[in-house]
Amino acid sequence: MPRLVRPDAVLVQAVIAGALSFAHLHDLAEAAGQHGWKAWAYPVSVDLLLVAAWHRLRSLRDAGEPAGSAWSWFVVALAASLGANVATAGLLDLGDVPDWLRILVAGWPALAFLGGTLLVHRPTPPSEREPEPDLELPPVVERVTEPGVQAASVPTLPAAEAVATAPPALVAHAQKIAADHRARTGSDIDTETLRARLGVPSPMAEAIAAQLV
């Protein structure tokens, strides 16, 4: 015998609340001069921004990243939805909508487009980035001491020779590190930080840093 499907009270409540909010946004947009398909597009735009902001908020919170921007757009979308619900409850004369409300409704598409773009194109948190491949660095020449033989010091390579010995993959990796540092801090990476990130001698780091300018 097939199992009977029981309606979920929470789901039913969510559908009813969503339908009422959708209708209120439509009625307010139509009263503000947006007729036809445009009046139906407004509630879709508000609800999509609300869902996008909530999704981004959850992602940033799980990654331990600041979520102030996502919170701001979530509040904007929520205010638009609640405002329409209150406005259509008899507090406003929908036959004679004030000019300021017409301006808000007319300006909503640009605001929603800006919010959606910022939410989608925000820099990805470090925890969500793909791990960088390990690069094999050139071996560092060390002094060799044998019994009865005095250790000879190895001269430091000049900058031109140091950069010549750097493999292209290392230079490309340095460029990626410098771009990431600039995106996070707004300033160019210094030589000491680059040397520490690459794990190379100072002359080579200085020579590579000169190529990044």
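Residues numbered from 1 in each chain as written. Predicted model: local features only at pLDDT ≥ 70, side-chain atom pairs only at ≥ 80, totals over all residues. Heavy atoms only, no water.

1. Describing the nonpolar core
Within the largest apolar cluster, 24 residues are counted, with the highest numbers of intra-cluster contacts made by Leu49, Val105, Trp108 and Leu119. For this core, the secondary structure elements donating two or more residues are α1 (9-31), α2 (37-62), α3 (68-91) and α4 (99-120). Not counting the four nearest positions on each side in its chain, Leu119 is found in contact with Leu49, Ala52, Ala53, Arg56, Ala70 and Trp73. (Core = buried A, V, L, I, M, F, W, Y, C linked by side-chain atoms within 4.5 Å. Buried < 20%, exposed > 50% of the residue type's maximum accessible area, 1.4 Å probe, protein only. Helix = DSSP H or I, 4+ residues; strand = E, 2+ residues; numbered from the N terminus. Contact = heavy atoms within 4.5 Å.)

2. Re helix α7 (residues 191-198)
Its side-chain oxygen 3.3 Å from the backbone nitrogen of Glu192, Asp190 forms the N-cap of α7. Just downstream of α7 lies Gly199, where phi reads positive at about 70°. (Polar contact = N/O pair within 3.5 Å; in protein donor to acceptor, adjacent residues only side chain to side chain.)

3. Overview of the confidence of the model for the protein chain
When pLDDT is averaged across the protein chain, the result is 75; 75% of the residues are at 70 or more. Across the protein chain, the element-wise mean pLDDT spans from 51 in helix α5 (residues 159-165) up to 88 in α2. For the stretch residues 139-157, pLDDT sits under 50, and the model shows 11 contacts to residues farther than four places along the chain or on other chains. (pLDDT = per-residue confidence, 0-100.)

4. Digging into the pattern of salt bridges
In this structure the tally under the stated criterion is three salt bridges. The partner of Arg184 in a salt bridge is Asp180, with the nearest N and O atoms 2.9 Å apart. Residue Arg184 and its partner Asp180 are both found in helix α6 (residues 168-185); the two are separated by four residues, about one turn of the helix. The class of Arg184 is partly exposed, set by a relative accessible area of 48%. Linking Arg195 and Glu192 is a salt bridge whose minimum nitrogen-to-oxygen distance equals 2.9 Å. Residue Arg195 and its partner Glu192 are both found in helix α7; the two are separated by three residues, about one turn of the helix. We classify Arg195 as partly exposed; its relative accessible area is 26%. (Salt bridge = Lys/Arg side-chain N within 4 Å of Asp/Glu carboxyl O.)

5. Some thoughts on the packing of aromatic side chains
Given two aromatic rings, their pairing is described by the distance between the two centres and the angle made by the two planes. Tallied over the full model, the rule gives three aromatic pairs. Ring geometry for Trp54 and Phe74: centres 5.7 Å apart, planes at 45°, overall tilted. Within this pair, whereas Trp54 is found in helix α2, its partner Phe74 is found in helix α3, the two being separated by 20 residues in sequence. Taking the relative accessible area as the measure of exposure, Phe74 reaches 16% and is therefore buried. What links up through ring pairs into an aromatic cluster is the set Trp54, Trp71 and Phe74. (Phe/Tyr/Trp six-rings, centres within 6.5 Å; stacked < 30°, edge-to-face > 60°.)

6. Topic: the environment of Ala53
Within the secondary structure layout, Ala53 lies in helix α2. We classify Ala53 as buried; its relative accessible area is 0%. Separated by 66 residues in the primary sequence, Ala53 and Leu119 have C-alpha atoms spaced 6.8 Å apart. Excluding residues within four positions of it along the chain, Ala53 makes contact with Ala70, Trp73, Phe74 and Leu119.

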